[in-house]
Amino acid sequence: MVGTIGTIEVIAERVAAVQVRIAAAAARSGKDPASLTLIAVTKTLDAETVRAASLAGLREVGENKVQEAYAKRGELLDQPLLHWHLIGHLQRNKARRAASTFDTIHSVDSLELATALNEAASAQGRDLPVFAQVNISGESTKSGFIPRLFSQQAAALARLPALRWRGLMTIAPEGADTETLRAVFAATRRLRDAAAAVFPSTTWNALSMGMTNDFEIAIEEGATHVRVGRAIFGERTETVRA
Ligand SMILES: *Cc1c(COP(=O)(O)O)cnc(C)c1O
């Protein structure tokens, strides 16, 4: 394990730098930085690097593939404080494995998938924290509920007893200008506010939005969970976008 100590230090320094930027963005928008959750996106990284992240103090990790996360989690049983978030597209036939692998699922993008996750979580006797993913920008390459239809579908989502709805998740268009990013994040916030009447549970208030390129704008527009990979771990050799 030569180099592990160095890796932990580098990760800790990068996380500290990201936390400073998070705190500044929170201050600009009058929010308590302690109310924001930093999810370190560890997709494509090996289990040793995730262990180093854990030893550097990170608790929340984000993965975009069920099988990859399942394998890593199995190698990291010695890091029980890690909280695993699924942030990538999930196929319905993997709902059961996803429900047993992840602590929180951010990418619930259809009523069919929500129904499958509800069944899986019920069978496992647990409440599963979930976010509904919305496709605000309308790009055909992105999955997610269509904003215009979300309010109609929300009532059916809210009735699934084993799902604990936290709020909305969105992915902003890649390479968009600041104004467009801000508009996408603000629209997500308004949709969350509009849906609050349907999800009376006190846990409905979260907004999972913002990545390395746009997390500060996302926080200014109300993000509660930011998903940051490259600013902590450097460029990925194999880039996978949900
Ligand atoms: C990869 C990914 C991220 C992190 O992206 P970075 O640019 O590395 O910060 C966040 N959210 C989702 C859904 C992703 O797929």
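Below or above, wherever it landed, is the structure these notes cover. (Residues numbered from 1 in each chain as written. Predicted model: local features only at pLDDT ≥ 70, side-chain atom pairs only at ≥ 80, totals over all residues. Heavy atoms only, no water.)

## Let's talk about the overall build of the protein
Assigned secondary structure in the protein consists of 9 helices and 8 strands. Relative to the compact-globule value of 18 Å for 242 residues, the protein shows a C-alpha radius of gyration of 17 Å, a close match. Projecting the C-alpha coordinates of the protein onto the three principal axes gives extents of approximately 55 × 45 × 35 Å. Here the protein holds 242 residues, and the buried ones make up 50% of them. Relative to all contacts within the protein whose residues are 6 or more apart in sequence, the contacts with residues 24 or more apart total 62%. Accessible area of the protein: about 11100 Å², with a carbon and sulfur share of 52%. (Helix = DSSP H or I, 4+ residues; strand = E, 2+ residues; numbered from the N terminus. Rg over C-alpha atoms; globule rule 2.2 N^0.38 Å. Buried < 20%, exposed > 50% of the residue type's maximum accessible area, 1.4 Å probe, protein only. Contact = heavy atoms within 4.5 Å. Areas by Shrake-Rupley, 256 points an atom, 1.4 Å probe, with all protein chains shown as cover.)

## What to know about the site of the ligand
Near the ligand, the surroundings consist of 13 residues, among which Lys43, Thr212, Gly229, Arg230 and Arg236 are the closest. Contact distances for the ligand include 2.8 Å between an oxygen atom and a side-chain N or O atom of Arg236. Across the complex, the protein chains shield 98% of the 390 Å² of accessible surface that the ligand would expose by itself. Of the residues in the shell around the ligand, the class split is 7 nonpolar, 2 polar and 4 charged. (Near = heavy atom within 4 Å. Polar contact = N/O pair within 3.5 Å; in protein donor to acceptor, adjacent residues only side chain to side chain. Nonpolar A, V, L, I, M, F, W, Y, C, P; charged D, E, K, R; others polar.)

## Here we look at the pattern of salt bridges
Here the idea is simple: oppositely charged side chains can pair when their charged atoms come close. As enumerated under the stated definition, the model contains 13 salt bridges in all. Between Arg28 and Glu220 there is a salt bridge; the shortest N-O distance is 2.7 Å. Residue Arg28 is located in helix α1 (residues 4-28), and its partner Glu220 is located in helix α8 (residues 215-220); the two are separated by 192 residues in the primary sequence. We note a salt bridge from Glu48 to Arg51, for which the minimum N-O separation is 2.6 Å. (Salt bridge = Lys/Arg side-chain N within 4 Å of Asp/Glu carboxyl O.)

## Considering the side chain of Arg192
With respect to the secondary-structure elements, Arg192 resides in helix α7 (residues 178-195). Here Asp193 takes part through its side chain, which lies 2.9 Å from a polar atom of the side chain of Arg192. Apart from residues no more than four positions distant in its own chain, Arg192 is found in contact with Leu168, Trp204, Asn205, Ala206 and Leu207.

## Re helix α2 (residues 47-55)
Restricting attention to buried positions, one finds in α2 the residues Ala47, Val50, Arg51, Ala52, Ala53 and Ser54. Gly57 occupies a position one or two residues after α2 and carries a positive phi of about 110°.

## Details of unusual backbone geometry
Positive phi outside glycine occurs at Thr44, with the angle close to 70°. Secondary-structure assignment places Thr44 in the loop between β1 (37-41) and α2. Judged by its relative accessible area of 28%, Thr44 falls in the partly exposed class.

## Considerations on the packing of aromatic side chains
Following the criterion strictly, the structure yields 4 aromatic pairs and no others. Seen from their ring centres, Phe150 and Phe199 are 6.5 Å apart, and the 20° between their planes marks the pair as stacked. Within this pair, whereas Phe150 is found in helix α6 (residues 147-158), its partner Phe199 is found in the loop between α7 and β7 (206-208), the two being separated by 49 residues in sequence. Taking 4.0 Å as the distance between ring centres and 10° as the angle between the ring planes, the aromatic pair formed by Phe199 and Trp204 counts as stacked. (Phe/Tyr/Trp six-rings, centres within 6.5 Å; stacked < 30°, edge-to-face > 60°.)

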